[in-house]
Amino acid sequence: MATRIHPLLGAFAILVFFFLLAPLVIIVGAALSDTTFLTFPPQGLTLRWFANIFQIEAFRRTAITSLQVAILGTGLSLLIGIPAAYALNRYRVELPRWLSTLFVLPILVPEIVFGFALLKSITIGLGLPVFISLVVGHALLILPYSVRVVGASLASFDFSIEEAARSLGCPPLKTFMTVVLPNIRAGVIAAFILAFITSINDVSVSVFLTGPGISTLPIQILAHMEQFFDPTIASVSVLLMLVTVGVMAIVEATLGLTFLTK
Amino acid sequence: MTVSLTIENLSAHYGTTQVLKDLSISVAAGELVSLLGSSGCGKTTTLRLVAGFLQPTSGRIRLGDRDLTTLPAHARDIGLVFQNYALFPHLTVLDNVAFGLKQRGLSKPDRAKRAMAMLERVGLAPLADRLPAALSGGQKQRVALARALVIEPPLLMFDEPLSNLDAKLRIDMRVEIRQLQRANGTTSLYVTHDQEEAFSISDRVAIMNAGRILQLDTPEVLYQKPASAFVARFVGFENLIRMKVIERQSAIVAAEAAGGTRLHLSQDLFGPIKDDFILACRADGLAVRREGEGIPAVLGTRTYLGRAYQYKCETAAGEITANGPLSDPLDAGARAVLAPLPEQCCILDPED
């Protein structure tokens, strides 16, 4: 027997999907428009704005920077996040409660404040080069994802198997690598992907940390828009969206998306 | 190469709470000793201290001539069997069993050969390629047992290994554990809260309470001659009657319980009796008679036990449970006397 849905509820659901998806449809439409300004619905269809992206050196350069920052930042955040998540779960009883909240702060603090704070502390305060600042800043921004997502898979991890390994003669670090890590693999991959996507799409932190000669793709999109209001912006956005969708598709195919929401 | 385990004056704290108080115990080579007690008595803490997962505040742990006290867990060479099996979920049954051999640097063919031989002994060779998730509880515990035994440890420890299994399997598994332990002659420490399990599997049992060992004896002695009121209650003595001596005439002692109930007890039969004592016995330790010397009682509900009738009796000294013969059933409300049978009674010190 099919469940009957109240017509109002149905209409409401359709509205929600409409508001979620409509802007994306508009962007895709605008990217295909054969005009020199952004418009929707598209007037004529062309792919020349996509081709145009690759002719603009700044987009190529910043896309590479974005990828480098995302990969290094995510790696760094996992390097800190995995041991932190491990400790927070393993010693849950012994550690004070606020400690786990501490690792979520970067997403609780308004991003613009966080970005400014990073500018003051690491770029100006420590005088780090722009690229390093970006990597460190992104690593801190996405640290909550590493800690929370890896933590979620550690929450259901049975720590007695760690004791079993040690009783069988396996030293602590080796136990972590051979017994703990393989069993939280899914969580680590999920954390990597979430963190990666967050990093590659970030504007508010990057806007403070980018500097002369070094920028990320989203920041370059903003800069480009200030000068040219042409559909190139829309087509870059579509590409960025496709990268995200592609990553999610890989997750879905290999692990199933459900484990991101678990 | 069987060795003995010696624990000397071990104390442990969680924060400021002392959970183990100056505990000493020694397990002879090849012997299986159980730590028995309710939860929070310190039995698991003792096992975790010996395993090296906890550090004692004072005391020593020795295995043969090795001092384990400060060794890290992975250097202690102890086989452990956990309550929740603790198998490695990402490894096959064979790799689980071979894990300890791998840590000892054995070559891959050697590991596989020895792990397989061990799996055959526990009857799981056909499941060698399965993952633990595809096993039943009993099979998992067999794998855990094989994994602990295959490294041929000088000491085996069991932490409530049968608690997660159903009743029938529990009995099969404890026979199996006992056989394997005997065949290998491995010194073993076994933690459980199940009295029947402890008594059936052990050479000796240590009854623990509040971080101390109250009595360490063979199951027979514990069952028949508990040394304190706590142990008596623990092993199922229903009746603990507090009494005071009022008169001594050579070996015969006249004693009085609450409510003025008097008994004459012979020290030749009951053993030495102090002025203030507890007369402890099971329901079988009191004969229900229509008349004669004994504790006057009004019988309550009669329960058929198969080998006897059991009565809940009202006496001046409180409620007493006693078993009467099948040949002479008595009805509720009948008057009778309850005569203590010396060979089934214990004279214990009163509790403070």
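Residue positions are given per chain, counted from 1 along the sequence in the order it is written. Here chains are named by letter from A upward and ligands by number from 1 upward, in the order in which they appear as written. Restriction of local features to residues with pLDDT of at least 70 applies here, the model being predicted, together with a cutoff of 80 or more for giving and counting side-chain atom pairs; totals for whole chains, interfaces and linings are based on all residues. The side-chain values count all of the structure's non-hydrogen atoms but skip hydrogen atoms and water molecules.

Caption draft 1: Expanded view of the overall build of chain B. Secondary structure elements are taken from DSSP: a helix is a run of H or I of four residues or more, a strand is a run of E of two residues or more, and numbering for both begins at the N terminus. For chain B, the helix and strand inventory stands at nine helices and 20 strands. Along the longest, intermediate and shortest principal axes, the C-alpha atoms of chain B span 80 × 45 × 35 Å. By definition in these notes, contact holds between two residues if any of their heavy atoms fall within 4.5 Å. For chain B, long-range pairs separated by at least 24 residues make up 64% of all intrachain contacts whose partners lie at least 6 apart in sequence. To measure how exposed things are, a 1.4 Å probe is used in the Shrake-Rupley method; for residues, cover is taken only from the protein chains shown. Summed over all atoms, the accessible surface of chain B reaches about 15700 Å², with 50% contributed by carbon and sulfur. For the purpose of counting charges, residues Lys and Arg are taken to be positive, whereas Asp and Glu are taken to be negative. His and the chain ends are not included. Lysine's charge is taken at NZ, arginine's at CZ, aspartate's at CG and glutamate's at CD. Averaging the locations of the 39 positively and 39 negatively charged side chains of chain B gives two centres separated by 6 Å.

Caption draft 2: Region of the structure containing the domain arrangement of chain B. Residues and elements named next belong to chain B. Where each domain starts and ends comes from a domain assignment, either automatic or drawn from a database. Each assigned domain of chain B is listed with its residue range as follows: domain 1 (5-232) and domain 2 (237-348). On the domain 2 side, the residues contacting the eight residues of domain 1 number eight residues. A quick way to say it: buried area is the sum, across both parts, of accessible area lost when two parts are put together, with a 1.4 Å probe. Summed over both partners, the interface of domain 1 with domain 2 buries about 640 Å², with 58% contributed by carbon and sulfur atoms. Pairing of N or O atoms within 3.5 Å defines a polar contact, subject to two protein rules: one partner must be a possible hydrogen donor and the other a possible acceptor, and residues neighboring in sequence count only if both atoms are side-chain atoms. Where domain 1 touches domain 2, the interface holds three residue pairs in polar contact (both at pLDDT 80 or more). Contributing elements (two or more residues each) for the side of domain 1 that touches domain 2: α7 (219-224) and α8 (229-234). Charged means Asp, Glu, Lys or Arg here, nonpolar means Ala, Val, Leu, Ile, Met, Phe, Trp, Tyr, Cys or Pro, and polar covers whatever is left, Gly included. When the residues that make up the side of domain 1 that touches domain 2 are grouped by side-chain class, the tally is five nonpolar, two polar and one charged.

Caption draft 3: Quick peek at the side chain of Gln103(B). In this structure, Gln103(B) sits in helix α2 (residues 93-103). Ignoring any residue separated from it by four or fewer positions in sequence, one finds Gln103(B) in contact with Leu168(A), Gly169(A), Cys170(A) and Lys174(A).

Caption draft 4: Local environment of the confidence of the model for chain A. Per-residue confidence from the predictor is reported as pLDDT, a score between 0 and 100. Summarising the model, chain A shows a mean pLDDT of 87, and 96% of its residues fall at 70 or more. Considering each helix and strand of chain A separately, the mean pLDDT is smallest for helix α14 (residues 258-261) of chain A, with a value of 56, and largest for helix α8 (residues 160-167) of chain A, with 95.

Caption draft 5: The arrangement of the sheet that holds strand β2 (residues 17-27) of chain B in detail. Residue and element names in this part refer to chain B. Ordered in space as β2-β1-β4-β5, the four strands form an open sheet in which the pairing is antiparallel. Each edge of the open sheet carries a strand with a single partner, namely β2 and β5 (66-67). Sheet topology note: the strand β1 (residues 5-14)/strand β4 (residues 58-63) ladder contains five bridges and is antiparallel. Each residue of the ladder has a partner; that of Ile7, found in β4, is Ile61. Here, a strand pair is defined by DSSP locating no fewer than two bridges between the strands.

Caption draft 6: Region of interest: the state of the cysteines. Residues and elements named next belong to chain B. Two cysteine sulfur atoms make up a disulfide if the distance between them is within 2.5 Å. All chains considered together, the criterion is met by zero disulfides over all chains. Cys345 provides the cysteine sulfur closest to Cys281, a residue in no disulfide bond, and the two sulfurs are 4.2 Å apart. Accessible area is worked out with a 1.4 Å probe on protein chains only. A residue is then buried under 20% of its type maximum, exposed over 50%, and partly exposed in between. The class for Cys281 is buried, based on a relative accessible area of 0%.

Caption draft 7: Representation of the packing of α2(B) against helix α4 (residues 137-149) of chain B. Residue and element names in this part refer to chain B. To obtain each axis, a line is fitted to C-alpha atoms, and for helices this fit is confined to the stretch in contact; angles are then taken between N-to-C directions over 0 to 180 degrees. Running from amino to carboxyl end, α2 crosses α4 at an angle of 30°, the nearest separation of the two axes being 7 Å. Between α2 and α4, the crossing angle belongs to the class labelled roughly parallel. The hand of the α2/α4 crossing is right-handed. Seen from α2, the contacting residues are Val93, Asn96 and Val97; seen from α4, they are Val143, Ala146 and Arg147. For the contact of α2 with α4, the residue count by class is four nonpolar, one polar and one charged. Throughout this description, any angle smaller than 35 degrees is read as roughly parallel, any larger than 145 degrees as roughly antiparallel, any in the 65 to 115 degree range as roughly perpendicular, and the remainder as oblique. Each helix crossing is assigned a hand: it is left-handed if the near helix lies turned anticlockwise from the far helix by less than a right angle, otherwise right-handed if that turn is clockwise.

Caption draft 8: Molecular detail of the nonpolar core. For this analysis, a nonpolar core means a set of buried residues of the types Ala, Val, Leu, Ile, Met, Phe, Trp, Tyr and Cys, connected via side-chain atoms within 4.5 Å. Core analysis: the largest hydrophobic core is formed by 96 residues, its most contacted members being Val150(A), Leu154(A), Leu5(B), Val50(B), Phe88(B) and Met157(B). Among residues more than four places away in sequence, those in contact with Val50(B) are Leu5(B), Ile7(B), Ile61(B), Leu68(B), Arg76(B), Ile78(B), Leu155(B), Met157(B) and Leu189(B). Counting 27 residues, the second-largest nonpolar core is a separate cluster that includes Leu265(B), Val288(B), Ala297(B) and Ile320(B).

Caption draft 9: Expanded view of the packing of aromatic side chains. The rule is short: rings of Phe, Tyr and Trp, with Trp giving its six-membered ring, pair when the centres are within 6.5 Å, and they are stacked under 30 degrees, edge-to-face over 60, tilted in between. Per the stated rule, a full pass over the model turns up eleven aromatic pairs over all chains. A ring pair is formed by Phe18(A) and Phe19(A), whose centres lie 5.9 Å apart and whose planes are at 75°; its orientation type is edge-to-face. With a relative accessible area of 60%, Phe19(A) lands in the exposed category. Centroid distance Phe88(B) to Phe99(B): 4.4 Å. Interplanar angle 45°. Geometry classified as tilted. Taken as a pair, Phe88(B) in the loop between β6 (78-81) and α2 and Phe99(B) in helix α2 lie far apart in primary sequence, eleven residues in all. Accessibility assignment for this pair places Phe88(B) and Phe99(B) in one class, buried. The criterion for a charge sitting over a ring is simple: Lys NZ or Arg CZ within 6 Å of the ring centre, and within 35 degrees of the ring normal. Directly above the aromatic system of Phe88(B) lies the positively charged group of Arg147(B), at a separation of 4.8 Å from the ring centroid. Sitting above the plane of the Tyr309(B) ring, Arg302(B) keeps its charged end 5.0 Å from the centroid.

Caption draft 10: Expanded view of the pattern of salt bridges. Between Lys or Arg on one side and Asp or Glu on the other, a salt bridge is scored when a side-chain nitrogen of the former is within 4 Å of a carboxyl oxygen of the latter. A complete count under the given rule lists 23 salt bridges over all chains for this structure. One salt-bridge network, in which partners are shared between bridges, spans Glu57(A), Arg60(A) and Arg61(A).

Caption draft 11: Seen up close, the domain arrangement of chain A. All names here are of chain A. Once the domains are mapped, chain A shows domain 1 (20-49 + 234-262) and domain 2 (60-227). For domain 1 and domain 2, the distance between their C-alpha centroids amounts to 26 Å. Of the residues lining the interface, nine residues belong to domain 1; the matching set on domain 2 comes to eleven residues. At the junction of domain 1 with domain 2, the criterion picks out zero salt bridges. Put simply, domain 1 and domain 2 have zero residue pairs in polar contact (both at pLDDT 80 or more) between them. For the side of domain 1 that touches domain 2, the secondary structure elements donating two or more residues are α13 (232-254) and α14. With six residues, α13 is the largest single contributor of residues to the side of domain 1 that touches domain 2. Within the side of domain 1 that touches domain 2, the residues separate by chemical class into eight nonpolar, one polar and no charged.

Caption draft 12: Up close: the packing of helix α3 (residues 57-90) of chain A against helix α7 (residues 130-155) of chain A. All names here are of chain A. At a closest axis distance of 5 Å, the pairing of α3 and α7 adopts a crossing angle of 40°. Classified by the interaxial angle, the pair formed by α3 and α7 is oblique. Remark: the crossing between α3 and α7 carries right-handed chirality. Split into classes, the residues belonging to the contact of α3 with α7 amount to 21 nonpolar, ten polar and no charged.

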